[in-house]
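Architecture at a glance
One-letter residues, chain by chain:
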Amino acid sequence: MLKFVFWLLAGVNLLVLAIGQGYLGSFRTETREPARLKNQLQATKLTLLTQEQAMAPAAPPAAEEAVTPAAAAPAPPPPPSYACTEVGNFLLADGRRFEAQVASLDLGDRQSRRNVAGQEISSYMVYIPPQGSKEGADRKAGELKQLGVTNYFIMNESSPLRWGISLGVFKSETSAQSQLASLNKQGVHSARVAPRYSASKQMAYQFRDLDAATRARLEKIKAQFPDQELRNCK
């Protein structure tokens, strides 16, 4: 019986020794350093750190450079457009000439014409300014008679020239200035020349949705009519 116990204990010790030496393989993951090194991939490239290196704080990871997309190029501005352009105001004869020239722009229904109430010079008058009253006008008329001037008319109607004296009405300014010069030679030095206006029908032309090139062509045509104005429609 004792022999049996002895050999049993001896067998157990041999088994424990074999397991400890790894002769029978491993039943669990080895924690000893030699086995761990054997299991490492590329173990020869491992570097052992000193105690100071191991205790040093880890360097912060390098900040990734911010990738800033290139700013998109600004879109080109749209070409200028003119919603409504007006040219005028023309008297009938000039309006017809202007209308004939802008026909080359071929604007169709984008072109229109409207009538504008206006005034035009119908004649020129030689006159002596108002004398303030009928008595003053009669006194001035007496002076004219003494100077040999008999062709005159006292204006007594309700107008800014009331109690002035008309010395003649002429179709052209040249004729009126000639009469004034003649009166000056006779000693009449208070006379003046002024235009007389009458109501007239004038015309203005409107052009819609013009691009820059067409607007430039319109301005070139308008330049032939320096008395006219190119403007935005009201």
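Residues numbered from 1 in each chain as written. Predicted model: local features only at pLDDT ≥ 70, side-chain atom pairs only at ≥ 80, totals over all residues. Heavy atoms only, no water.

Some points on the overall build of the chain
Looking only at helices and strands, the chain features seven helices and six strands. The linear arrangement of helices and strands in the chain, starting from the amino end, is α-α-α-β-α-β-α-β-β-α-β-α-β. Burial status across the chain gives 24% buried among its 234 residues. Accessible area of the chain: about 17,700 Å², with a carbon and sulfur share of 56%. (Helix = DSSP H or I, 4+ residues; strand = E, 2+ residues; numbered from the N terminus. Buried < 20%, exposed > 50% of the residue type's maximum accessible area, 1.4 Å probe, protein only. Areas by Shrake-Rupley, 256 points an atom, 1.4 Å probe, with all protein chains shown as cover.)

With respect to the nonpolar core
Counting residues in each nonpolar core, the largest one holds 16 residues, and the members touching the most others are Val126, Ile128, Leu144, Ile165, Leu167, Val188 and Ala191. Listed by contribution, the elements that provide at least two residues to this core are β2 (111-128), α5 (134-146), β4 (164-170) and α6 (173-186). Apart from residues no more than four positions distant in its own chain, leucine 167 is found in contact with Val126, Tyr127, Ile128, Leu144, Val149, Asn151, Tyr152, Gln179, Leu183 and Ala191. (Core = buried A, V, L, I, M, F, W, Y, C linked by side-chain atoms within 4.5 Å. Contact = heavy atoms within 4.5 Å.)

Considering the confidence of the model for the chain
Looking at the chain as a whole, its pLDDT mean stands at 83, while 71% of the residues score no less than 70. Mean pLDDT across the elements of the chain ranges from a minimum in helix α2 (residues 33-39), with 56, to a maximum in β4, with 97. (pLDDT = per-residue confidence, 0-100.)

With respect to the environment of glutamate 120
Mapped onto the secondary structure, glutamate 120 falls in strand β2. What makes glutamate 120 partly exposed here is its relative accessible area of 32%. Once the C-alpha coordinates of glutamate 120 and leucine 91 are considered, the two residues, 29 residues apart in sequence, prove to be 8.3 Å apart. Leaving out residues up to four positions away in the same chain, glutamate 120 has contacts with Leu91, Arg196, Tyr197, Ser198 and Ser200.

Examining the environment of threonine 150
Within the secondary structure, threonine 150 sits in the loop between α5 and β3 (153-155). A residue is classified by how much of its surface remains accessible, and threonine 150, at 68% relative accessible area, is exposed. Counting along the chain gives 17 residues from threonine 150 to leucine 167, while the straight-line C-alpha distance between them is 9.1 Å.

Side note on the pattern of salt bridges
Enumeration over the complete set of coordinates arrives at nine salt bridges. Among the salt bridges present, the one from glutamate 86 reaches arginine 114, with a minimum N-O distance of 2.7 Å. One end of the pair, glutamate 86, is in strand β1 (residues 81-90); the other, arginine 114, is in strand β2, with 28 residues separating them in the sequence. Residue classification places glutamate 86 among the buried residues on the basis of a relative accessible area of 2%. Here glutamate 143 makes a salt bridge to lysine 140, at a shortest N to O gap of 3.1 Å. Of this pair, glutamate 143 and lysine 140 are both found in helix α5, three residues apart, which corresponds to roughly one turn of the helix. You can call glutamate 143 partly exposed: its relative accessible area is 37%. Residue lysine 140 is classed as buried on the basis of its relative accessible area of 17%. Linked through salt bridges whose partners overlap, the residues forming this network are Glu86, Arg114, Glu229 and Arg231. (Salt bridge = Lys/Arg side-chain N within 4 Å of Asp/Glu carboxyl O.)

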